[in-house]
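Residues per chain, in single letters:
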Amino acid sequence: MRGLLYATDQQYVSFYRSFIREIRPDAQFVFCRKASEASQIILKERVDLILADLKIITRKGMDTSGLHFLNGVRNVRGYYLVPVVLVADVDDEGPFLKEDVHCYEFFRKPLNQEAFREKIGPLLRYADEGRISPDIRALHFFRKRKCLYPVSEEELVRFELHSHNGLIVTLQDSYDVDIASLRKDEELLSSLAFLQVSRCDYVNKKYIQKIEQDKIVLKNDMGEVFLTDTGRENVKRFREDLKRNGEDEKEEGKG
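Strand order in the open sheet formed by three strands is S15-S16-S17, and the pairing between neighbours is antiparallel. Two strands in the sheet have a free side with no partner beyond their single neighbour: strand S15 (208-211) and strand S17 (224-226). Going across the sheet, the axis of each strand differs from the next one's by a mean of 20°, ignoring polarity. Both strand S16 (residues 215-218) and S17 contribute to a ladder of three bridges, which runs antiparallel. The residue bridging valine 217 from the neighbouring strand is glutamate 224, located in S17.

Taken together, the buried positions of helix H1 (residues 13-23) are occupied by Val13, Phe15, Tyr16, Phe19, Ile20 and Ile23. Buried residues in H1, looked at end-on, bunch into an arc of 155°, giving them a common side. In H1, the exposed residues that point more than 90 degrees away from the buried face are Ser14 and Arg21.

Put simply, side chains in a regular strand alternate between the two faces of the sheet. Most of strand S3 (residues 49-54) is tucked away, with six of its six residues classed as buried. Burial of the side chains of S3 extends over both faces: Leu49, Leu51 and Asp53 are buried on one face and Ile50, Ala52 and Leu54 on the other. Here strand S1 (residues 2-7) runs beside S3; their pairing, made up of five bridges, is parallel. Note on S3: the bridge partner recorded for glycine 3 is leucine 49.

Of all residues in the protein chain, 84% have pLDDT values of 70 or greater, and the mean over the chain is 81. Predicted confidence for residues 128-137 stays below pLDDT 50, and this span has 21 contacts to residues more than four positions away or in other chains.

Before going further, it helps to examine the sheet that holds strand S7 (residues 105-108). Taken in spatial order, the five strands line up as S2-S1-S3-S6-S7 in an open sheet, and their pairing is parallel. Each end of this open sheet is capped by a strand with a single partner; those strands are strand S2 (28-32) and S7. Sheet twist, expressed as the average angle between the axes of neighbouring strands with direction ignored, equals 15°. For strand S6 (residues 84-88) and S7, the ladder comprises four bridges, and the chain directions are parallel. Across the sheet, the residue bridging to valine 85 is glutamate 105, located in S7. Across the face of the sheet, H1 comes into contact with S1, S2, S3 and S6 while running at roughly 165° to S1. On the sheet, helix H3 (residues 65-73) packs against S1, S3 and S6 and is oriented at approximately 160° with respect to S3.

About the cut-offs
Residues numbered from 1 in each chain as written. Predicted model: local features only at pLDDT ≥ 70, side-chain atom pairs only at ≥ 80, totals over all residues. Heavy atoms only, no water. Pairing = 2+ DSSP bridges. Helix = DSSP H or I, 4+ residues; strand = E, 2+ residues; numbered from the N terminus. Axes fitted to C-alpha atoms, helices over the stretch in contact; angles between N-to-C directions. Buried < 20%, exposed > 50% of the residue type's maximum accessible area, 1.4 Å probe, protein only. Arc of directions from axis to C-beta. pLDDT = per-residue confidence, 0-100. Contact = heavy atoms within 4.5 Å.

This is the structure in structure tokens:
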């Protein structure tokens, strides 16, 4: 994975570097101190994670150049859903912080290093295009009220794509999300883990309990989803694949 460590305050830089080496020794982080340098970096190369440590309150007053940089990141092609972690010396009450900067996570100084480790460790493990080994499934990021929410593919039961909004249903809850969060996630839309059952609805195959003529019943009392003509065709192919895989396993057993 590649990351950007943008720090106008040097107090915790050594901690960030040792923490990154500990969690992801293969990670390549570019370090810079100025908003202009950070802008050039994201324009020239792709990074998977932005960690910004900003000293906003200075002797001369407020320095919001770093916040303006982070606010503009979402307008750069390819950075719509890149996670931004912000550490700053102001409250999360300000006009720019977690929601307007679209942060994945915000930490107020003085930094609670244990809380940082607990929340950012999993993000570092997943940030490299969502995968670091075959048995770790992707994290998908969705936007809701300008904030980023991570959901693992394992916990995503189903999702819906409508013209003006999106819905994701997880094992814990359901969320209305920015439709662009879903439409821009090409990996999710093409994932073989999901079955498209209508023009708008996708279900995680592992949560299918029963397929009926006009609907799919989901496990864990997660409800049911009705099939359209598109869904029936996809279900037909899904059943054929299951049957074919079953026959292949039988042949392997004979061998």
